[in-house]
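Okay, here's what each chain looks like letter by letter:
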Amino acid sequence: MKQALEKIVAEICDSFGNDRTRLMDITTAVQRRFGCVSDSAIDLIARAVKTHRVEIESLVTFYSFFSKEEQGKVVIRLCDDIVDWMKGYQQIADALVKELGISIGETTSDGEITLTRTPCIGMSDQAPAALVNDVAVTYLTPERAVKMVRELRKHLDPHQLVTVLGEGNNSNPLVHSMVRNNIRQKGAVLFADFESGTALKRTLNMTPESVIGEIKASKLRGRGGAGFPTGLKWEFASKTKADRRFIICNADEGEPGTFKDRVLLTERAEMLFEGMTIAGYAVGAELGILYLRGEYSYLFSYLNHVLETRKNSGLLGNSIMGKQGFNFDIRIQLGAGAYVCGEETALISSCEGKRGDPKNRPPFPPQEGYMGCPTVVNNVESFCCASRIMIEGAKWFSAMGSPRTAGTKALSISGDCRRPGVYEVPFGTKASDLLELCEAENPGAMLIGGPCRQMIGPNRFGGIICYDDLATGGSIIVFNKARNKLEIAEHYLDFFIEESCGYCTPCRVGLVLLKKYVRKVVSGAGEPQDLDKMLKLSNMIVSTSRCGLGQAAPNPVLGALNNFRELYESMVSERKHGLQPDFDLTSAVVDSELFVGRRSLYV
Amino acid sequence: MKPRIATCSLAGCFGCHMSILDIDERILKLAELVDFDRSPINDFKHITTRCAVGIIEGGCCNEENVHVLHEFRENCDNLVSLGDCAISGGIPALRNNIPLEECLETAYLNNPGIYNPSGIVPNDEEIPMILKKVYPCHEVVKIDYYIPGCPPPADAIWDVLTALLEGRAPVIAYDSLKYD
């Protein structure tokens, strides 16, 4: 057994050239082969790639898809995002717990099935959903969940759970998934027809400088949510003196409620890879990396196949489309379940085979990114837009959208609505129009841009989708009037507490303290001044956290306080005698009484 | 009648009270301005009449601390948490991540150097019950003002006290708040 482990780990490390920067791939392969990365495996890997043991161990313990303890042959990861809760998470969890006879986080005694939960897996439009190994199982009901477990017990092969295939490329044999695209509205940029090579052909007739000029003129801004001008980012990277430059596509779509990149990866992979190639030409890069979140690994073979096809047609590789000296290749880097890796510097760390720790900024990635070289990190949708811009021209693109935000936006809409799915709409579309499009049911609030952005109430439904008003990376969750906004905020605080990398104190500790206040208010023990304390604490976390996660994490609370203040105010009241109602002396001395074996005389 | 001040040390080390004494000769001015009610300075066992300001050092680690804190809250117009233990639990709160049972066993029963052949854990009726964890004061009662520091500098204490006695909102100068 030990010899087998040694041999296989050595083979795996060897297949990645014993390269330390490919530790993510090595660890993923070992985890898949053995159901864990044990202490002995950690030793072996460390020796093979010539690094310290602790580096491997910190990697294994950082990413949620890796584990030191052996997992079952089948791991069921039930998605516990708020939308899944709204669609019946609890009943499904109960059904699974009962059927399997274990609690969440445990493995059956025969070592076959592990049950655990995971944050948003990008299936909010078909919630409740779960990942069974790398197979996405959608539209779950308690009955289907029980049936699933009974089938798995027979064959332990999650792929056999897929009987009905989703539309489009979901039914491609290489994807073979029940996931549905649910494209509800196609726009002119992303979901219009696309023919491979057309954008690249026009690009290669221009100088790299004029390609950057074209992207700048189009006024394209980053689609991941921050909205940084794409052309400017490319220009910075191209002008930084360096021997090597890199293009990275951020497909770590982890913001709860976002799934439009999943659909673009499924249906517009060619357009995405072409956009990355255009960027490579513009900034002078020879390697592109697609960072694909671990939850979407079911798309891995298909995307690799698309890359192969493009290589064979001369759209990737050396002398692309006959252009001497233009060489560009793309590899796919699989993530392993860490929300913070959606932050670009954490994503770069992960690509380098490290924990997904954010880096200090500045220097920004276009100055010093992957391997210390200038790097362009853009969202899936941004690269797709770049392809379209090179076909239709900057003028055509910038004519669409709102006055200050050009083009269209792919939105993932889910929650309390009859038609959840992906909508491509021009920037400038009103929130109220979206509610109509998705046939929202009695809407009382919208979470625009996921928990890291803002929750708005009916008084702001007239606002428009753009970077100056309602900014979003694509996530829109609709809540009906009956939903408790405070509980939603609390749910997302739990999420951020779990996903915080723990590096800086304001985020690691501040969020836990903030959650205590929210709990106090939600439980009815809050006082008026607690609301101001929450505001103060939130602002402190926002202004002193090191990376985007901590800076955005208090937003669910801030949003609720700013937009639904009256709700909070109705739940707090001034207490008589100045005592804290959530402190109970009787229960605080129970442990002590049990230990010494008598009751307190003074309680 | 002069306004009254009360002070107490709960789960603290008296370092904050030492810092009160560090106001040096200003204590004479203070004696002109106020009368001291319950305080370790005069050893009153309970508050006698309503006080303008109550100063709390230390967090709550046992039931007696809670009773004292309640008495202060009930009888003081302004309650001030003085120092890090009152504000966040401080050093005594290091035990909060260890089960109480384990703490007591390690302290009285199973630790090298302990001689306790009859296995007795202190259990006299006079000894207050220890709480399952150490609480900062504001989790037990409402606190009006906080003076951070371990210990807080005498100037910060003086500034807050005089402001409260003169009916102003206390502001602690930045220099008294940074320690590096």
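Residues numbered from 1 in each chain as written. Chains lettered and ligands numbered in written order. Predicted model: local features only at pLDDT ≥ 70, side-chain atom pairs only at ≥ 80, totals over all residues. Heavy atoms only, no water.

Visitor: I keep staring at the overall build of chain B and nothing clicks. Help me out?
Guide: In terms of regular secondary structure, chain B is built from six helices and seven strands. Ordered by position in the sequence, the α and β elements of chain B form the string β-α-α-β-β-β-α-β-α-α-β-β-α. If one aligns the C-alpha atoms of chain B with their principal axes, the spans along those axes are about 55 × 40 × 30 Å. Counting across all 180 residues of chain B, residues that qualify as buried make up 43%. Of the roughly 9300 Å² that chain B leaves accessible, carbon and sulfur atoms contribute 55%. Counting 14 positive and 27 negative side-chain charges, chain B places the centres of these two groups 6 Å from one another. (Helix = DSSP H or I, 4+ residues; strand = E, 2+ residues; numbered from the N terminus. Buried < 20%, exposed > 50% of the residue type's maximum accessible area, 1.4 Å probe, protein only. Areas by Shrake-Rupley, 256 points an atom, 1.4 Å probe, with all protein chains shown as cover. Lys, Arg positive; Asp, Glu negative; His and termini not counted. Charge placed at Lys NZ, Arg CZ, Asp CG, Glu CD.)

Visitor: Whenever I open this one, the sheet that holds strand S7 (residues 145-147) of chain B confuses me. Can you help?
Guide: The strands making up a sheet associate through hydrogen bonds between their backbones, and the pairing can be parallel or antiparallel. All names here are of chain B. Spatial strand order, S2-S1-S3-S5-S7: five strands in an open sheet with parallel pairing. Since the sheet does not close on itself, it has two edges, and those belong to strand S2 (35-36) and S7, each with one partner. Strand direction decides the pairing type here: strand S1 (residues 4-9) and S2, joined by two bridges, are parallel. The residue of S2 that forms the bridge with Arg 4 is Asp 35. (Pairing = 2+ DSSP bridges.)

Visitor: Just checking my understanding: could you explain the interface of chain B and chain A for this structure?
Guide: One widely used convention gives an interface's size as the accessible area the parts lose upon coming together. Facing the 29 residues of chain B at the interface are 26 residues of chain A. Summing both sides of the interface, chain B and chain A together bury roughly 2300 Å²; the carbon and sulfur share of this comes to 59%. On the chain B side of the contact with chain A, Glu 125, Met 129 and Lys 142 of chain B bury the most area, a combined 28% of that side's loss. Inspection of the region where chain B meets chain A yields three salt bridges. Glu 527 of chain A is paired through a salt bridge with Lys 142 of chain B; the nearest N and O atoms lie 3.9 Å apart. Across the contact surface, chain B and chain A share 12 residue pairs in polar contact (both at pLDDT 80 or more). Listed by contribution, the elements that provide at least two residues to the side of chain B that touches chain A are helix H3 (63-75), helix H5 (100-109) and strand S6 (130-135) of chain B. (Contact = heavy atoms within 4.5 Å. Buried area = accessible area lost by both parts, 1.4 Å probe. Salt bridge = Lys/Arg side-chain N within 4 Å of Asp/Glu carboxyl O. Polar contact = N/O pair within 3.5 Å; in protein donor to acceptor, adjacent residues only side chain to side chain.)

Visitor: Explain the nonpolar core to me, please; I cannot follow it from the model alone.
Guide: As a rule of thumb, nonpolar side chains are buried together in soluble globular proteins. With 138 residues, the main nonpolar core has Tyr 63, Trp 234, Leu 265, Leu 272, Phe 273, Leu 303 and Met 534 of chain A as its most contacted residues. The element that contributes the greatest number of residues to this core is helix H12 (residues 269-283) of chain A, accounting for 10 residues. If near-sequence neighbours (up to four positions away) are discounted, Trp 234 of chain A is found in contact with Ile 212, Ile 215, Gly 275, Ile 278, Ala 279, Ala 282, Val 283, Val 376, Asn 378, Phe 383 and Ala 386 of chain A. One finds Phe 583 and Leu 585 of chain A together with Ala 6 and Leu 69 of chain B within the second-largest nonpolar core, a separate group that totals 27 residues. (Core = buried A, V, L, I, M, F, W, Y, C linked by side-chain atoms within 4.5 Å.)

Visitor: What is the right way to read the side chain of Asn 379 of chain A from this model?
Guide: Residue and element names in this part refer to chain A. On the secondary structure map, Asn 379 appears in strand S9 (residues 375-379). By relative accessible area, which is 11% here, Asn 379 ends up buried. In this structure the side chain of Asn 379 is engaged in a polar contact, spanning 2.9 Å, whose partner is the side chain of Lys 260. Polar side-chain contacts of Asn 379 include one of 3.1 Å to the side chain of Asp 261. When residues no more than four places from it in sequence are discounted, the contact partners of Asn 379 are Arg 223, Gly 224, Cys 249, Asn 250, Lys 260 and Asp 261.

Visitor: Is there a simple way to think about the sheet that holds strand S5 (residues 183-185) of chain A in this case?
Guide: Residues and elements named next belong to chain A. Ordered by their spatial adjacency, six strands build an open sheet running S5-S13-S12-S16-S14-S15, and the pairing between neighbours is mixed. The open sheet terminates on both sides in strands that have one partner only, identified here as S5 and strand S15 (454-456). For this sheet, the mean inter-axis angle between neighbouring strands, taken without regard to orientation, is 30°. In the sheet, strand S14 (residues 443-448) pairs with strand S16 (residues 475-480) via five bridges, with the strands oriented antiparallel. In the strand pairing of S16, Pro 443 is matched with Asn 480. Its contacts with the sheet place helix H11 (residues 260-267) against S5, strand S12 (408-415) and strand S13 (421-426), and it is angled at close to 120° to S12. (Axes fitted to C-alpha atoms, helices over the stretch in contact; angles between N-to-C directions.)

Visitor: Looking at this structure, how should I read the side chain of Asp 125 of chain A?
Guide: Residue and element names in this part refer to chain A. Mapping Asp 125 onto the fold places it in the loop between strand S2 (113-118) and strand S3 (130-132). Overall, the relative accessible area of 4% leaves Asp 125 in the buried class. A polar contact is formed between the side chain of Asp 125 and the side chain of Asn 182, at a distance of 3.1 Å. Setting aside chain neighbours within four positions, we find Asp 125 in contact with Tyr 139, Arg 180, Asn 181, Asn 182, Phe 259, Arg 262, Ile 413, Ser 414, Pro 420 and Gly 421.

Visitor: I'm lost on the pairing of S16 of chain A in this one. Help?
Guide: Put simply, side chains in a regular strand alternate between the two faces of the sheet. Within S16 of chain A, six of the six residues are buried, which leaves the element mostly enclosed by the surrounding structure. Judged by which residues are buried, S16 of chain A turns out to be covered on both faces: Ser 475, Ile 477 and Phe 479 of chain A on one side and Ile 476, Val 478 and Asn 480 of chain A on the other are all buried.

Visitor: Quick question: what am I supposed to make of the environment of Phe 397 of chain A here?
Guide: Residue and element names in this part refer to chain A. With respect to the helices and strands, Phe 397 occurs in helix H16 (residues 394-398). Distance from Phe 397 to Leu 601, taken between C-alpha atoms, is 78 Å for residues 204 residues apart in sequence. Sequence-distant contacts of Phe 397, defined by excluding residues within four places in its chain, comprise Val 189, Ser 218, Leu 220, Arg 223, Cys 385, Ile 389, Ala 406 and Gly 407.

Visitor: How should I be thinking about the environment of Thr 163 of chain A in this particular structure?
Guide: Secondary-structure assignment places Thr 163 of chain A in the loop between helix H7 (142-155) and S5. The spacing of Thr 163 of chain A and Ala 95 of chain A is 68 residues in sequence and 22 Å in space, taken between C-alpha atoms.

Visitor: Honestly, the packing of helix H10 (residues 230-239) of chain A against H12 of chain A in this entry has me stumped. Any pointers?
Guide: Working note: a packed helix pair is described by the angle between its axes plus the distance between those axes. All names here are of chain A. The N-to-C vectors of H10 and H12 enclose an angle of 45°; their axes lie 9 Å apart at closest approach. Considering their axes alone, H10 and H12 lie oblique with respect to each other. Here Trp 234, Ala 237 and Ser 238 of H10 lie close against H12, whose contacting residues are Gly 275, Ile 278, Ala 279, Ala 282 and Val 283. Residue composition of the contact of H10 with H12, by class: six nonpolar, two polar and no charged. (Parallel < 35°, antiparallel > 145°, perpendicular 65-115°, else oblique. Nonpolar A, V, L, I, M, F, W, Y, C, P; charged D, E, K, R; others polar.)

Visitor: Just checking my understanding: could you explain the packing of aromatic side chains for this structure?
Guide: Both the distance between ring centres and the angle between the ring planes are used here to describe each pair of aromatic rings. Residues and elements named next belong to chain A. In this structure the tally under the stated criterion is 11 aromatic pairs over all chains. Between Tyr 63 and Phe 66, the ring centres sit 5.7 Å apart and the planes meet at 65°, which makes this aromatic pair edge-to-face. With respect to burial, Tyr 63 and Phe 66 carry one shared label: buried. Where Tyr 339 meets Phe 496, the ring centres are 5.9 Å apart and the plane angle is 65°; that geometry is what we call edge-to-face. With Tyr 339 in the loop between strand S8 (329-334) and helix H14 (344-351) and Phe 496 in helix H18 (residues 485-499), this residue pair connects regions lying 157 residues apart in the sequence. Of the two residues examined, Tyr 339 and Phe 496, each falls in the buried class. Each residue in the set Phe 62, Tyr 63 and Phe 66 is aromatic and connected to the rest through ring pairs, giving one cluster. Over the ring of Phe 65 we find Arg 77, and its NZ or CZ is 4.2 Å from the ring centre. (Phe/Tyr/Trp six-rings, centres within 6.5 Å; stacked < 30°, edge-to-face > 60°. Lys NZ or Arg CZ within 6 Å of the ring centre and 35° of its normal.)

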